[in-house]
Each structure stands twice: as C-alpha cells, then as structure tokens.
Amino acid sequence: MNILIVAVGKCKEAFINEGIAEYKKRLSRQGSVEIVEVKDEKTPEQASEKENEQVKDTEGERILKKIPERGYVIALDPGGRMISSEQLAATFQDLAVQGTSTIVFVIGGSLGLSREVLKRADFKWSFSALTFPHQLIRLMLTEQIYRAVQINAGSPYHK
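Just so it is clear, the structure is predicted and the values come from calculations on it, not from any experiment. (Residues numbered from 1 in each chain as written. Predicted model: local features only at pLDDT ≥ 70, side-chain atom pairs only at ≥ 80, totals over all residues. Heavy atoms only, no water.)

**Here's the deal with the pattern of salt bridges**
Between side chains of opposite charge, a pair can form when the charged atoms approach closely.
Phase 1: Under the criterion given, the structure shown has ten salt bridges.
Phase 2: E116 is paired through a salt bridge with K119; the nearest N and O atoms lie 3.2 Å apart. Placement of the pair is E116 and K119 together in helix α4 (residues 115-120), with a separation of three residues, close to one helical turn.
Phase 3: Overall, K119 belongs to the exposed group, its relative accessible area being 61%.
Phase 4: Each of K10, E37 and R138 takes part in one network of salt bridges that share partners. (Salt bridge = Lys/Arg side-chain N within 4 Å of Asp/Glu carboxyl O. Helix = DSSP H or I, 4+ residues; strand = E, 2+ residues; numbered from the N terminus. Buried < 20%, exposed > 50% of the residue type's maximum accessible area, 1.4 Å probe, protein only.)

Structure below.
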C-alpha cells in the first residue's frame, strides 16, 4: 500500500524531521510513504472570517492538486471522528481488500481545511480534542501509520 501525506507548510523542526524519517524508513519494507508539502498562505493579523476562508480556499486548491484521482482521502479535521489505532489498522485492511492502492492523509494549515478539501475526503479523522502544532501532527500521524501496519502484521510493537 502506498501512503501519501499532503501537508500545508514546511516542517522546520529537526527533531520532528528525524522522527518522521525513522518511521518512513521502518515503513519502507511494507510500502511507500511520501510527504508532499504545499505552500502555506499568509494570514493577515486580525483577519476577518472572509479572509480566513480565502486563505483556506487557496491552500485547499494547492492540496487538491496533489491528491491522486483514485486515492482514498483521510482528512485530519477537529470535526472528524476519533478512531483507535486498531480501527485505523482495520481501515487499512479493508481498503487493501477493496483494491485501494493509495491512501492520502491531508493535514491543513493553521486555519484548518477548506470546504472543498473536506468535501473530497472519504473520511474525516479527529486525532484528539487537544490542539497540536501541525509539524508535530506529521510525526504523530507517521507513527500511527506505522503502528497500524504493525498491528496488521501481528507485531508486538503495539503492545
């Protein structure tokens, strides 16, 4: 299975990039994991709701251009459903049985995802009720992908 993570903005923290690289290396035995960054849009200070929507729409257009037509899209969204690691693993298995070859995870910018990106999503996943930096979410997501793969492989990693 191929995993694509489309994320708004650059990941600047070295320790986060090192962690992501470690999980990508571990996952390389089971399939490919690619992270594609799209440019984040500058948000004016004290922006109006309309300006915030314009920022999300611009970022959303960039995101949508990176999503393959046949990819199964999981949008990380605070309004989405929370699932367990076991449920994520089961989703991977179900998608593989259905013949899905690419799963696309989408991480929005600081304002979230545009309506169009959320409309394109096959599933909306809320990581937590807590707020995390977008860079840290990339590392956490990569670890959860690795964990789901290990659960499906029967590995003791999840214990």
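**A word on the pairing of strand β3 (residues 72-81)**
Phase 1: Pairing analysis gives five bridges linking β3 to strand β4 (residues 102-107), with the strands arranged parallel. Bridging across to β4, Y72 finds its partner in I103.
Phase 2: Crossover β3 to β4 through helix α3 (residues 85-97) is right-handed.
Phase 3: The sheet contact formed by β3 and strand β5 (residues 123-125) spans four bridges and is parallel. Its bridge partner lying in β5, L76 is registered against W125. (Pairing = 2+ DSSP bridges. Right-handed = clockwise from strand over helix to strand, strands pointing away.)

**Observations regarding the environment of N52**
Phase 1: Checked against the element boundaries, N52 lands in helix α2 (residues 49-66).
Phase 2: The exposure class of N52 is buried, given its relative accessible area of 16%.
Phase 3: Between the C-alpha atom of N52 and that of S114, which follows or precedes it by 62 residues, the distance is 9.8 Å.

**Regarding the sheet that holds β3**
Phase 1: The strand order β2-β1-β4-β3-β5 describes an open sheet built from five strands, whose pairing is parallel. Whereas interior strands pair on both sides, the edge strands pair on one side only; in this sheet they are β2 (33-38) and β5. Averaged over neighbouring strand pairs, the angle between their axes works out to 30° when direction is ignored.
Phase 2: Each of β1 (2-8), β3, β4 and β5 is contacted by α3, which is oriented at about 140° to β4, the strand it contacts most. (Axes fitted to C-alpha atoms, helices over the stretch in contact; angles between N-to-C directions. Contact = heavy atoms within 4.5 Å.)

**A closer look at the nonpolar core**
The tendency in soluble globular proteins is for nonpolar side chains to be buried side by side.
Phase 1: Ranked by internal contacts, the top residues of the largest apolar core, which has 28 residues, are I3, I5, F92, F105, W125, L141 and I145.
Phase 2: When contributions to this core are tallied by element, the ones reaching two or more residues are β1, α1 (14-27), β3, α3, β4, β5 and α5 (134-153).
Phase 3: A per-element tally of this core places α5 first, with seven residues.
Phase 4: When neighbours within four sequence positions are excluded, F92 is seen to be in contact with M1, I3, I103, F105, I145, A148, V149 and N152.
Phase 5: Counting 15 residues, the second largest nonpolar core, distinct from the first, contains L4, V106, V117 and A121. (Core = buried A, V, L, I, M, F, W, Y, C linked by side-chain atoms within 4.5 Å.)

**Here we look at α1**
Phase 1: Helix length check: α1, at 14 residues, gives a terminal C-alpha distance of 20 Å against a target of 20 Å (1.5 Å per residue), a fit within 8%.
Phase 2: For α1, the set of buried residues is I16, G19, I20, Y23 and L27. With its buried residues spanning 95° around the axis, α1 presents them on a single face. Counted as exposed and oriented over 90 degrees from the buried face of α1: F15 and E18. (Expected span 1.5 Å × (residues − 1). Arc of directions from axis to C-beta.)

**Thoughts on α2**
Phase 1: Along its 18 residues, α2 runs 26 Å from first to last C-alpha, staying within 8% of the 26 Å computed at 1.5 Å per residue.
Phase 2: Listing the buried residues of α2 in full gives N52, E53, V55, K56, E59, G60 and I63. Along the axis of α2, the buried positions cluster into a sector of 155°, meaning they face one direction only. The exposed set on the far side of α2, more than 90 degrees from its buried face, consists of K50, E61 and K65.

Any link to function would need more than the numbers given here.
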